[in-house]
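A look at the structure
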There are 2 protein chains.
Amino acid sequence: MIIIRNPERSEWAKIVERPHLDVSQLNDTVASVLADVKKRGDDAVKGYELKFDHVDLPTLAVSEEEMNEAEALVSADLKAAIQVAHYNIKTFHESQQFKGKKIETQPGVVCWQKSVAIQKVGLYIPGGTAPLFSTVLMLATPAKIAGCEEIVLCTPPGRDGKVNPAILVAARIAGVSKIFKAGGVQAIGAMAYGTQSVPKVYKIFGPGNQYVMAAKQQVSLHDVAIDMPAGPSEVCVIADKHANIEFVAADLLSQAEHGIDSQVFLITTSEQVILDVQAEVNRQLDLLPRKEMAAKALDNSRLVLVSSLQEAIDLSNAYAPEHLILQVKDYAKVANKVVNAGSVFLGEYACESAGDYASGTNHTLPTHGYATAYSGVNLDSYCRKITFQHLTEDGIRSIGRAVELMAEAEQLEAHANAMRVRMRTLNIKD
Amino acid sequence: MIIIRNPERSEWAKIVERPHLDVSQLNDTVASVLADVKKRGDDAVKGYELKFDHVDLPTLAVSEEEMNEAEALVSADLKAAIQVAHYNIKTFHESQQFKGKKIETQPGVVCWQKSVAIQKVGLYIPGGTAPLFSTVLMLATPAKIAGCEEIVLCTPPGRDGKVNPAILVAARIAGVSKIFKAGGVQAIGAMAYGTQSVPKVYKIFGPGNQYVMAAKQQVSLHDVAIDMPAGPSEVCVIADKHANIEFVAADLLSQAEHGIDSQVFLITTSEQVILDVQAEVNRQLDLLPRKEMAAKALDNSRLVLVSSLQEAIDLSNAYAPEHLILQVKDYAKVANKVVNAGSVFLGEYACESAGDYASGTNHTLPTHGYATAYSGVNLDSYCRKITFQHLTEDGIRSIGRAVELMAEAEQLEAHANAMRVRMRTLNIKD
């Protein structure tokens, strides 16, 4: 762990710097797979599944039979836990529903917004040893609440040609309409362009490796929207002298176990916290199965001593962390000063894993400093706000002349004329 | 104008197809200008201003003196019109302010969203013969309402080194903080990376030519968010036999005058409307100063006869137009069925130019079918919704076990442990 004491503000840019993520060297490979999927559809997807996932799939769609089989394979305990998480995610995201107000901006001119679900969305769930069924809940639950008509999910199968049963159970609970066995670039291509079996969608959500990230970026240039750019996961903990050291250490480690590129950041006003956290992290690290990976991520972690909580939150805002944990006595006051962060955890009991799984907030969040400009996934991510306006004759009287003058000044004569013909019909002087 | 009568649904995909926009052949040029601006800052920007805009600028920033000079150059009438438009845009976008609700998803688990302004935003306003001061209002007004701390505007100067006065007047009214004389790729680079005089921003908004579009796409891959992908402007008018032919023709022409690649689309349930609109368009076209450009855009316009209003709105939803005008008697009923559109105009008096300038809705809207997945610019475009969660001891009792089980099933032991240490402190069985 790198310890930095009382850095000057001029050094902050360096301290909060993340490793440069450049996927451009993958672009050619990714482009050729995408082009092939666009051209050959299912055959191409199956070919890449054989090549990259080492599985020969007769069909891509997960069958009803496989869904039922999965139900039997997931323990009642885990199913109950998934139900609790789903209930909380559903409750919080339902509260985000938008009701537009009609606004009369001038007499006879009424404007409003209406939130309308994106008709078709695609969710990508990565494979690997651990099944990310929690991400299924996070991406599909708000899609269902929004009212998306088609919720497509792609995830790579194991070598046995099966999808992990917990993923299928979570998908059914959350309301996914169609599940396909496809991973990596070929899955992104299938959802962006559509194939014989995979429907084309309008927006793609979900995490993935560098290839998936590059593929999402490429298709986002022309064909489909994406949730947000992606980078390694990260946490920033702000702790004062009242912080529970055992909890702080456990939270830092829960971030470190994600991977060797995970970002772990502690900002504290107490020298003692730095010393105690170091010792406690080392003690807890020894007990972890993924301790080698976590230890590597910790090598690059930063423990920063600052002189005040104001300075702590300023530094955190400069970092713009994906997750921000406030282990400080007066967390409400500090929370009010958060400007850049994805999701914020208040008080000693609000561990990041609460939000990762079951508090109800979404865990798909902006990393790599993107929290300066992007929100995490929320109900809005699955909707568009379409604007409407209605004008009466009075409306033409209210704004007709202004529109005409501005259009003339922009040398858009036909724009002016579209208003003028209406003004003349109403005998309004133009 | 291309007339299509009663097409089969299977032909719709062809009818709504837009020309493929591929800016990839510009990518190398754009990348080299961006890299140079990143490296050399102001000097590079000034160099490209000399090269592309033929103007030798001593400084990029517009001075207070130039701002005051501009005030004197804009007529009182136009200034009053800009004030009316600004008032309406402000009124409508202020009504979009978000108030988050605190939701207790389980006893002791409280979650909420808070809308926080993006700290620094950049607005691009293209140059050319006509000054797009209306776009200044559309982009800067909501930025100011959102509370963005820094609102930077770049626009290319004329050969005299001056920015059009109407742009400066609109910028002052709308609350822009800093204005710079820079256009094209160099302006996008300056705002994405920051230079000695231009602040780095977190999100870039605004229209532009193919080079600007390619530059926005390139910087969006790593450095900064952008409002949305761009394409040629477009309108779809749905008209029934009650439609005012003069108004319909004027609305189609107001779109056609934007450029030869403008998309003009009429869907009607009446053969007579097609015949009458054709004649009226030709009559009005003759009176327009930009008639040659408009005539070219009209060559590719489509007038489609369908059998019912249901079919009309289905076809419009398949097209996903930027602007949708409902010149039908029962417009409220049709409006309820809109699924894909940027902004919708209801009734015979709601011309597109009302929304382009002064109704209060935003005119920065998704084109090229992107309305399937993107909203137009609105107050949300300048904010992030940060999530917060607070857990009490009861919260750990409510969800602790579910979090632990799910983390274990995802083989994230340190995640499970972060919850477990809290459960043990509270003597909850794990």
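Residues numbered from 1 in each chain as written. Chains lettered and ligands numbered in written order. Predicted model: local features only at pLDDT ≥ 70, side-chain atom pairs only at ≥ 80, totals over all residues. Heavy atoms only, no water.

Let's talk about the UniProt feature "coiled-coil region" (unreviewed entry) in chain A
Mapped onto the present numbering, the UniProt feature "coiled-coil region" (unreviewed entry) falls on residues 402-429 of chain A. The span residues 402-429 of chain A is 75% helix and 0% strand, and its two end C-alpha atoms sit 12 Å from each other. (UniProt positions renumbered as here; feature names shortened; annotations may be inferred. Helix = DSSP H or I, 4+ residues; strand = E, 2+ residues; numbered from the N terminus.)

A few points about the confidence of the model for chain A
Residues of chain A with pLDDT of at least 70 account for 100%, and the chain-wide mean is 95. Under the prediction, the complex receives an ipTM of 0.97, its pTM being 0.97. (pLDDT = per-residue confidence, 0-100.)

Things to note about helix α7 (residues 165-174) of chain A
All names here are of chain A. Of all 10 residues in α7, seven are buried, a share of seventy percent or more. Turning to α7, its buried residues number three or more, namely Ala166, Ile167, Leu168, Val169, Ala170, Ala171 and Ala174. At its buried positions, α7 is contacted by α4 (64-73), α5 (76-94), α6 (133-146), β5 (150-155) and β6 (178-181). The residue sitting at the N-terminus of α7 and contributing the capping side-chain oxygen is asparagine 164; that oxygen lies 2.8 Å from the backbone nitrogen of alanine 166. (Buried < 20%, exposed > 50% of the residue type's maximum accessible area, 1.4 Å probe, protein only. Contact = heavy atoms within 4.5 Å. Polar contact = N/O pair within 3.5 Å; in protein donor to acceptor, adjacent residues only side chain to side chain.)

What about the sheet that holds strand β9 (residues 234-239) of chain A?
A sheet is described by the order of its strands in space; here nine strands give the open sequence β1(A)-β11(A)-β10(A)-β9(A)-β12(A)-β13(A)-β14(B)-β3(B)-β2(B), paired in mixed fashion. A single partner strand is all that each edge strand has here, and the edge strands are β1 (2-5) of chain A together with β2 (103-106) of chain B. Averaged over all pairs of adjacent strands, the angle between their axes in this sheet comes to 20°, without regard to strand direction. Where strand β3 (residues 109-117) of chain B lies against strand β14 (residues 383-391) of chain B, nine bridges are found, and the strand directions are antiparallel. In the sheet register, B:Lys114 faces β14(B), and the bridge partner there is B:Ile386. Sheet contacts for helix α10 (residues 245-256) of chain A: β9, β10 (263-268) and β12 (323-327) of chain A; angle to β10(A), the most-contacted strand, approximately 155°. Across the sheet, helix α16 (residues 393-409) of chain B touches β2, β3 and β14 of chain B, and the angle it forms with β14(B) is around 95°. (Pairing = 2+ DSSP bridges. Axes fitted to C-alpha atoms, helices over the stretch in contact; angles between N-to-C directions.)

What about the side chain of A:Thr195?
Residues and elements named next belong to chain A. With respect to the secondary-structure elements, threonine 195 resides in the loop between α8 (184-193) and β7 (203-205). Judged by its relative accessible area of 15%, threonine 195 is buried. Beyond its immediate stretch of four places on either side in the chain, threonine 195 contacts Val37, Gly41, Asp42, Val45 and Ala190.

Section: the domain arrangement of chain A
All names here are of chain A. Taken domain by domain, chain A consists of domain 1 (24-226), domain 2 (231-375) and domain 3 (392-425). A straight line from the C-alpha centre of domain 1 to that of domain 2 covers 29 Å. The contact between domain 1 and domain 2 buries some 880 Å² in all, and 58% of this surface belongs to carbon and sulfur atoms. It is Asn88, Ser134 and Met138 in domain 1 that bury the most area against domain 2; as a group they hold 46% of the surface buried on that side. On the surface where domain 1 and domain 2 come into contact, there are zero salt bridges. Where domain 1 touches domain 2, the interface holds four residue pairs in polar contact (both at pLDDT 80 or more). Going through the elements one at a time, α5 and α6 are the ones with two or more residues in the side of domain 1 that touches domain 2. Of the residues belonging to the side of domain 1 that touches domain 2, the class tally is seven nonpolar, four polar and no charged. (Domains from an automatic or database assignment. Buried area = accessible area lost by both parts, 1.4 Å probe. Salt bridge = Lys/Arg side-chain N within 4 Å of Asp/Glu carboxyl O. Nonpolar A, V, L, I, M, F, W, Y, C, P; charged D, E, K, R; others polar.)

Focus on the sheet that holds strand β8 (residues 225-226) of chain B
Residue and element names in this part refer to chain B. Taken in spatial order, the five strands line up as β6-β5-β4-β7-β8 in an open sheet, and their pairing is parallel. For this open sheet the edge positions go to β6 (178-181) and β8, each flanked by a neighbour on one side alone. Two elements, strand β4 (residues 120-124) and strand β7 (residues 203-205), share three bridges in a ladder whose sense is parallel. When the bridges of β7 are listed, valine 121 appears paired with lysine 203.

Thoughts on the relation of the copies chain A and chain B
When chain A is fitted to chain B, the residual RMSD is 0.0 Å, and the transformation amounts to a turn of 180° plus an axial shift of 0.0 Å. Viewed as a symmetry operation, the transformation between the two copies matches a two-fold axis. A symmetric contact is evident, with 100% of the interface residues of chain A recurring at the interface of chain B. (Least-squares fit on C-alpha atoms with pLDDT ≥ 70 in both.)

Re helix α2 (residues 27-40) of chain B
All names here are of chain B. Taking 1.5 Å per residue as the helical rise, α2 with its 14 residues ought to reach 20 Å, and the 20 Å between its terminal C-alpha atoms agrees with that figure. Taken together, the buried residues of α2 touch α3 (42-53), α8 (184-193) and α9 (210-220). One or two positions beyond α2, positive phi appears at glycine 41, with a value near 60°. (Expected span 1.5 Å × (residues − 1).)

Quick word on the interface of chain A and chain B
Interface size is commonly expressed as the accessible surface area that is lost when the partners come together. Across the contact, 120 residues belong to chain A and 121 residues belong to chain B. Roughly 10,500 Å² of surface becomes buried between chain A and chain B when both sides are summed, with 59% attributable to carbon and sulfur atoms. Area buried by chain A at its contact with chain B is led by A:Tyr349, A:Met406 and A:Arg422, which between them contribute 8% of it. Linking chain A with chain B are four salt bridges. Note that A:Lys385 and B:Asp380 form a salt bridge whose closest N and O atoms lie 2.7 Å from each other. The tally of links between chain A and chain B comes to 69 residue pairs in polar contact (both at pLDDT 80 or more). Pairing analysis gives four bridges linking strand β14 (residues 383-391) of chain A to strand β13 (residues 343-346) of chain B, with the strands arranged parallel. Its bridge partner lying in β13(B), A:Gln389 is registered against B:Phe345.

Comments concerning the UniProt feature "binding site: Zn(2+)" (unreviewed entry) in chain A
Within this structure's numbering, the places UniProt gives as "binding site: Zn(2+)" (unreviewed entry) are A:Gln255, A:His258, A:Asp356 and A:His415. Taken together, the annotated residues stretch across 161 residues and extend over separate regions, lying up to 55.7 Å apart by C-alpha. Leaving out residues up to four positions away in the same chain, A:His258 has contacts with A:Ser233, A:Met293, B:Leu412 and B:His415. Secondary-structure assignment places A:His415 in helix α17 (residues 413-425).

Remarks on empty space enclosed by the protein
The tally for this structure, following the rule as stated, stands at seven cavities of 30 Å³ or more. The volume enclosed by the largest cavity comes to roughly 1,100 Å³. Around the largest cavity, the lining comprises 43 residues; the ones closest to its centre are A:Lys203, A:Tyr374, B:Lys203, B:Asp227 and B:Tyr374. For the lining of the largest cavity, a count of residues per class yields 19 nonpolar, 14 polar and 10 charged. Computed from the structure, the second largest cavity encloses a volume of approximately 70 Å³. (1 Å grid on protein atoms, 1.4 Å probe; cavity = no way out; pocket = protein on both sides within 12 Å on 5 of 7 lines; lining within 4 Å. Points joined across faces, edges and corners; volume = space filled by probe spheres on them.)

Digging into unusual backbone geometry
Residues and elements named next belong to chain A. Phi is positive for asparagine 6, which is not a glycine, with a value near 45°. By the secondary structure assignment, asparagine 6 is in the loop between β1 and α1 (12-15). On the basis of relative accessibility, which here comes to 45%, the residue asparagine 6 falls in the partly exposed class.

Some points on the pattern of salt bridges
Residue and element names in this part refer to chain A. Taken as a whole and judged by the stated rule, the model has 44 salt bridges over all chains. Residue arginine 9 pairs with aspartate 314 through a salt bridge whose shortest N-O separation is 2.8 Å. Taken together, the residues arginine 9 in the loop between β1 and α1 and aspartate 314 in helix α13 (residues 309-319) connect sequence positions 305 residues apart. You can call arginine 9 partly exposed: its relative accessible area is 48%. Arginine 18 is the salt-bridge partner of glutamate 234, the closest N and O atoms lying 2.9 Å from each other. Placement of glutamate 234 in strand β9 and of arginine 18 in the loop between α1 and α2 (27-40) is noted, with a sequence separation of 216 residues between them. Here the two residues glutamate 234 and arginine 18 agree in accessibility, since each one is buried. Connected through salt bridges with shared partners, the residues Arg401, Glu404, Glu408, Glu413 and Arg420 form a single ionic network.

A closer look at the packing of aromatic side chains
Counted by the stated rule, this structure contains 12 aromatic pairs over all chains. A centroid spacing of 5.9 Å and a plane angle of 55° characterise the contact between B:Phe247 and B:Tyr349, whose relative ring orientation is tilted. Here B:Phe247 is found in helix α10 (residues 245-256), whereas its partner B:Tyr349 is found in the loop between β13 and α15 (352-357), with 102 residues between them in sequence. What makes B:Phe247 buried here is its relative accessible area of 0%. Lying over the aromatic face of A:Tyr319, A:Arg18 brings its terminal NZ or CZ to 4.0 Å of the ring centre. (Phe/Tyr/Trp six-rings, centres within 6.5 Å; stacked < 30°, edge-to-face > 60°. Lys NZ or Arg CZ within 6 Å of the ring centre and 35° of its normal.)

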